[in-house]
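Commentary on secondary and tertiary structure
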Amino acid sequence: MCVKFKDEYLEVDGKRCLYSDILKCSIQNEDAHFKGKTKPFTHTILGGTTFMAGAVEPMMYVGIKVTLKDGTVLPIYVSNEKVLFNSDKYLSDLKEAETILSKIKETTR
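Rules used throughout
Residues numbered from 1 in each chain as written. Predicted model: local features only at pLDDT ≥ 70, side-chain atom pairs only at ≥ 80, totals over all residues. Heavy atoms only, no water. Helix = DSSP H or I, 4+ residues; strand = E, 2+ residues; numbered from the N terminus. Buried < 20%, exposed > 50% of the residue type's maximum accessible area, 1.4 Å probe, protein only. Contact = heavy atoms within 4.5 Å. Polar contact = N/O pair within 3.5 Å; in protein donor to acceptor, adjacent residues only side chain to side chain. Pairing = 2+ DSSP bridges. Axes fitted to C-alpha atoms, helices over the stretch in contact; angles between N-to-C directions. Core = buried A, V, L, I, M, F, W, Y, C linked by side-chain atoms within 4.5 Å.

Our focus in this paragraph is the environment of Lys82. Among the secondary structure elements, Lys82 is positioned in the loop between β6 (73–77) and β7 (83–84). Judged by relative accessible area, which is 47%, Lys82 ranks as partly exposed. Sequence separation between Lys82 and Pro58 is 24 residues, and the spatial gap between their C-alpha atoms is 9.4 Å. For Lys82, the contacting residues outside a window of four places in its chain are Ala32, Met59, Met60 and Tyr61.

Positionally, Gln28 belongs in strand β4 (residues 22–31). By relative accessible area, which is 18% here, Gln28 ends up buried. Within the structure, the side chain of Gln28 is placed 2.8 Å from the side chain of Ser26, a separation counted as a polar contact. The residues touching Gln28, leaving out its near neighbours within four places in the chain, are Phe41, Thr44, Tyr61, Val62, Gly63 and Lys65.

It is worth spelling out the sheet that holds strand β2 (residues 9–12) at this point. Each strand in a sheet pairs with another by means of backbone hydrogen bonds, the pair being arranged parallel or else antiparallel. Reading across from one edge, β1-β2-β3 is the order of the three strands in this open sheet, with antiparallel pairing throughout. Because the sheet does not close on itself, it has two edges, and the strands there are β1 (3–5) and β3 (15–18). Adjacent strand axes in the sheet meet at a mean angle of 20°, parallel and antiparallel pairs treated alike.

On to the nonpolar core, then. Note that soluble globular proteins tend to have their nonpolar side chains buried in a common cluster. In this structure, Leu10, Ile22, Ile64, Val66, Ile76 and Ile104 are the most contacted members of the largest nonpolar core, which totals 22 residues. With six residues, the top contributor of residues to this core is helix α1 (residues 88–107).

Take a look at the structure:
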């Protein structure tokens, strides 16, 4: 993942969006089973559980869902690999996502 903050726009892995086009953004945990198979962040895990989760802890990717005014989603995946909720890697990825989200919100004010 490569995120660049330019004067007028945000660039994520070569895709650009104007800050003025950002409607909202939030940290999401995408169910690893669905990553790349459906629209980004359609299948999320809240608080480390899914409705379909049984005794098995779900694997996930931490990211930021950037929703643009036209309804499209610009995904920023922080996790490079699947993580378990509250694992050291998850907490590290979450901290990085919080830093990026803070920067986006600061820039879009």
